[in-house]
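# Structural overview
Listed below are the residues making up each chain.
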Amino acid sequence: MHAPVLTIIPLLLGSFLAVMAGWTRKSLVYPIGVLALILSSTFSVQLVMQVLSEGTMTYDLGGWSPPWGIVFIVDTFSAFMIALLIIGALATFVTCRDEIMAHFEEKSAAFVSLILLTLAGHVGIVSTGDLFNLYVLIEVAALTGYALLGLGNSRAVLSSLNYLCIGSVGASLYLLGVGYLYMLTGSLNMTDLTSVLQTFPPNASLRAAIVVLFLGLWVKMALFPFHGWLPGAYSNSSATTATLLAPMTTKVMAYVVIRLLTTVFPGGLAIPEALPEIAVVLATLAIFAGSAMAFRQTNIRRMLAYIVVAEVGYMVGGAFIGNRMAMTGAMLHILADAAMTLTLFLAVCNIARKRGSLELSNLQGLFKSMPFTMAAFVLGAMSMIGVPPLFGFFSKWYLLTGALQAEQYPFMVALIVSSLVNVVLFFRFFEVAFFEKPENNPGLLEVRWIRVAPVALVALLLIAAGLSTGLIVDKIIAGVIPASLI
Amino acid sequence: MLDIFAQFTAKYNYWAYIVIMMVGLFAMIAKRNLIKKMIGLSIFQTSIMLFYVAIGAKKGATIPILLSGTDPHHIDATMYVNPLPHVLMLTAIVVGVATLGVALALILRIYEKHGTLEEDEIISQIRSS
């Protein structure tokens, strides 16, 4: 009954309690965080079960019915995504226990609290059915993100401030778009807005509203050429923050774009003709640029950050190509990319724990010394490249088929080239880690099992999800895409 | 020519918000001092708040509190300004204040580390280290 909000409430309460525990009993901070995340993930799994059996759930916050009140709308896809976000954050939280508690010393209570809050913001973005509420939750997720990303090496604060400037402009542009839409239709509720737009004659203001709205979201999700903030913010921050946010932020914003395209503007309703074309061009450029810049990096985490930039292009391109196949691919890729980015960053987090620096020159003999972490990393990398039967292959396959149907050849070329570049990128790292011997051989130096287990489980999830792609498409994605989209 | 002028005066509130918005954006892009950048960000956000407040206004309307003696079942909506955009902007103001707070906290950390607020000097310090 209350399942859509129950996923968020433990996180909000947990973040308050964590701060209070920080003042009185420090030893309680970490257990509070774990408890909140476990409760929240239990509720999210329950939510998935409920939505799968009963269909889309609507929850009126405070009992105010839409379109006046704020509603949470959870369909099969968003329920699945919520579960993935929360369980991913739990995996990060368990893996990075030492970093969270030891590295930040007196700040650990605030750090735990911020982690829970930013997760609550992201889950809220996925659940909400109200455009203005979406803006507020975007800012909740972003503001806590700025604070988290500010903790890190000497450059972290400046990169975080840079992200804050760009991110706030993006959010403001989104708000402006919402303002125009409200002015034209008098509604902020997504379902209500669609019914008004059905009979609304397209005019210049409506076109401006939609363009500004999507422009703001693109800035937020780091689509090329608005990606400037992402690599700095994710590679200078602490390993914990990068592992937490890299699988969340860009994927959640891509989901917002897909949600708007499938529910508020279904079948290209009211969308200006040029917008999808521009979006696909930008997506193609994002894939090329991200891959090219990833190629120049010698630091593994920085390289992954640029790969995230390229992956944003996959999702935006798929969403805007405008056929069922590509949309399915984009939605699959959101799930796949979240899972494989999580695998890679968790593995990198473990490597950083043992080796310190993540420069390529410092990573010789990793396969010998950290076999389990590296095995998980290889699975994540293979999925990123697109090797069957891993999840990344199937989402790419749907995207390629969709692009072929729509005759978007440049986008297809970009997809294939980026896969090839990923092969080179990852094998350059594997070559160093497998063949080169370190000067003083450390022997087996694997991290503790509690740090290996999460990354191993997520990596196995990539295989399991890949093998059940057909099931995921039928049960979770097919019902969400509007029937008008062929 | 007169046409453009008429359009300008008829919708002067929108022109005003666009001008303010561009002033803010210019400050964010062109100024190299971090505090000035933040002032630009604030101006940028404020322009959007003004836009929202403007769309709630109506000519000859009063504040959205029922006049005495009005039948609550027959309310003439044109007599009252629309309060919803104003309420939305209360939230947006809170968000703006929080953004500025986080930004100033980050700037404080930068100042402690580098002893300056000029972006060029900070970048050259980072490059040389």
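The paragraphs below set out a description of the structure included in this document. Treat the numbers as computed from the prediction; the structure is a model and nothing was measured.

### Describing the overall build of chain B
Of regular secondary structure, chain B possesses 5 helices and 0 strands. In chain B, the succession of α and β elements from N to C terminus is α-α-α-α-α. Its C-alpha atoms give chain B a radius of gyration of 22 Å, more than 25% over the compact-globule value 14 Å for 129 residues. With the C-alpha coordinates of chain B rotated into their principal frame, the extents come out at 75 × 45 × 15 Å.

### Focus on the overall build of chain A
The helix and strand tally for chain A stands at 22 helices and 2 strands. Structurally, chain A occupies a C-alpha span of about 75 × 55 × 45 Å along its principal axes. The buried share among the 486 residues of chain A stands at 64%. Accessible surface, chain A as shown: approximately 17,200 Å² in total, 68% of it carbon and sulfur. Of the charged side chains in chain A, 23 are positive and 21 negative; the average position of the first set lies 9 Å away from that of the second.

### A word on the interface of chain B and chain A
Opposite the 34 residues of chain B that make contact, chain A presents 28 residues. On the chain B side of the contact with chain A, Tyr52, Leu106 and Ile126 of chain B bury the most area, a combined 18% of that side's loss. Counting every contact that joins chain B to chain A gives 0 salt bridges. Remark: the boundary between chain B and chain A carries 4 residue pairs in polar contact (both at pLDDT 80 or more). Mapped by element, the contributors of at least two residues to the side of chain B that touches chain A are α2 (12-30), α3 (34-56), α4 (84-114) and α5 (119-128) of chain B. With 16 residues, the top contributor of residues to the side of chain B that touches chain A is α4 of chain B.

### Remarks on a nonpolar patch on the surface
A cluster of nonpolar residues, Phe16, Leu17, Met20 and Trp23 of chain A, forms a patch on the protein surface that exposes about 520 Å² of accessible area. Mapped onto the elements, Trp23 of chain A comes out in helix α2 (residues 9-24).

### Notes on the side chain of Thr262 of chain A
All names here are of chain A. Summarising the element assignment, Thr262 is placed in helix α13 (residues 249-264). When its relative accessible area of 7% is taken as the criterion, Thr262 is described as buried. Not counting the four nearest positions on each side in its chain, Thr262 is found in contact with Met327, Val480 and Pro482.

### Describing the packing of helix α18 (residues 371-385) of chain A against helix α19 (residues 391-405) of chain A
Residues and elements named next belong to chain A. Two numbers describe how α18 lies on α19: the axes approach to 6 Å, and their chain directions differ by 10°. Judged by the angle between their axes, α18 and α19 are roughly parallel. In this structure, α18 contributes Ser383, Met384 and Ile385 to the contact, and α19 contributes Phe391, Gly392, Phe393 and Lys396. For the contact of α18 with α19, the per-class residue count stands at 4 nonpolar, 2 polar and 1 charged.

### Points about the packing of aromatic side chains
Residue and element names in this part refer to chain A. Using the criterion set out here, one finds 23 aromatic pairs over all chains in the structure. Both rings, one in Phe77 and one in Tyr255, keep their centres 5.6 Å apart while their planes meet at 35°; by these two values the pair is tilted. With a gap of 178 residues between them, Phe77 in helix α4 (residues 76-95) and Tyr255 in helix α13 connect regions that are remote in the sequence. Relative accessible area serves as the criterion here: at 2%, Tyr255 is assigned to the buried category. Taking the centre distance of 5.1 Å and the plane angle of 75° together, the rings of Phe377 and Phe429 count as edge-to-face.

### With respect to the pattern of salt bridges
Residue and element names in this part refer to chain A. Under the counting rule described, the total for this entry stands at 7 salt bridges over all chains. A salt bridge links Arg448 to Asp98; the shortest N-O distance between them is 3.2 Å. Here Arg448, found in the loop between α20 (409-435) and α21 (449-467), pairs with Asp98, found in helix α5 (residues 97-103); they are 350 residues apart in sequence, far enough to count as distant. Judged by its relative accessible area of 16%, Asp98 falls in the buried class.

### Observations regarding the nonpolar core
Side chains of a nonpolar character, in soluble globular proteins, are inclined to be buried together. Residue and element names in this part refer to chain A. Grouped together as the largest cluster of nonpolar side chains are 219 residues, with contacts concentrated most on Phe214, Phe320, Phe426 and Phe429. If one sorts the elements of this core by residue count, helix α16 (residues 324-355) sits on top with 19 residues. Each residue touching Phe429, except ones within four places of it in the same chain, is listed here: Ile300, Ile351, Leu360, Leu363, Leu366, Met374 and Phe377.

Calculation criteria
- Residues numbered from 1 in each chain as written.
- Chains lettered and ligands numbered in written order.
- Predicted model: local features only at pLDDT ≥ 70, side-chain atom pairs only at ≥ 80, totals over all residues.
- Heavy atoms only, no water.
- Helix = DSSP H or I, 4+ residues; strand = E, 2+ residues; numbered from the N terminus.
- Rg over C-alpha atoms; globule rule 2.2 N^0.38 Å.
- Buried < 20%, exposed > 50% of the residue type's maximum accessible area, 1.4 Å probe, protein only.
- Areas by Shrake-Rupley, 256 points an atom, 1.4 Å probe, with all protein chains shown as cover.
- Lys, Arg positive; Asp, Glu negative; His and termini not counted.
- Charge placed at Lys NZ, Arg CZ, Asp CG, Glu CD.
- Contact = heavy atoms within 4.5 Å.
- Buried area = accessible area lost by both parts, 1.4 Å probe.
- Salt bridge = Lys/Arg side-chain N within 4 Å of Asp/Glu carboxyl O.
- Polar contact = N/O pair within 3.5 Å; in protein donor to acceptor, adjacent residues only side chain to side chain.
- Patch = residues over 30% accessible without salt bridge, like charges linked within 9 Å, V, L, I, M, F, W, Y side chains within 5 Å.
- Axes fitted to C-alpha atoms, helices over the stretch in contact; angles between N-to-C directions.
- Parallel < 35°, antiparallel > 145°, perpendicular 65-115°, else oblique.
- Nonpolar A, V, L, I, M, F, W, Y, C, P; charged D, E, K, R; others polar.
- Phe/Tyr/Trp six-rings, centres within 6.5 Å; stacked < 30°, edge-to-face > 60°.
- Core = buried A, V, L, I, M, F, W, Y, C linked by side-chain atoms within 4.5 Å.

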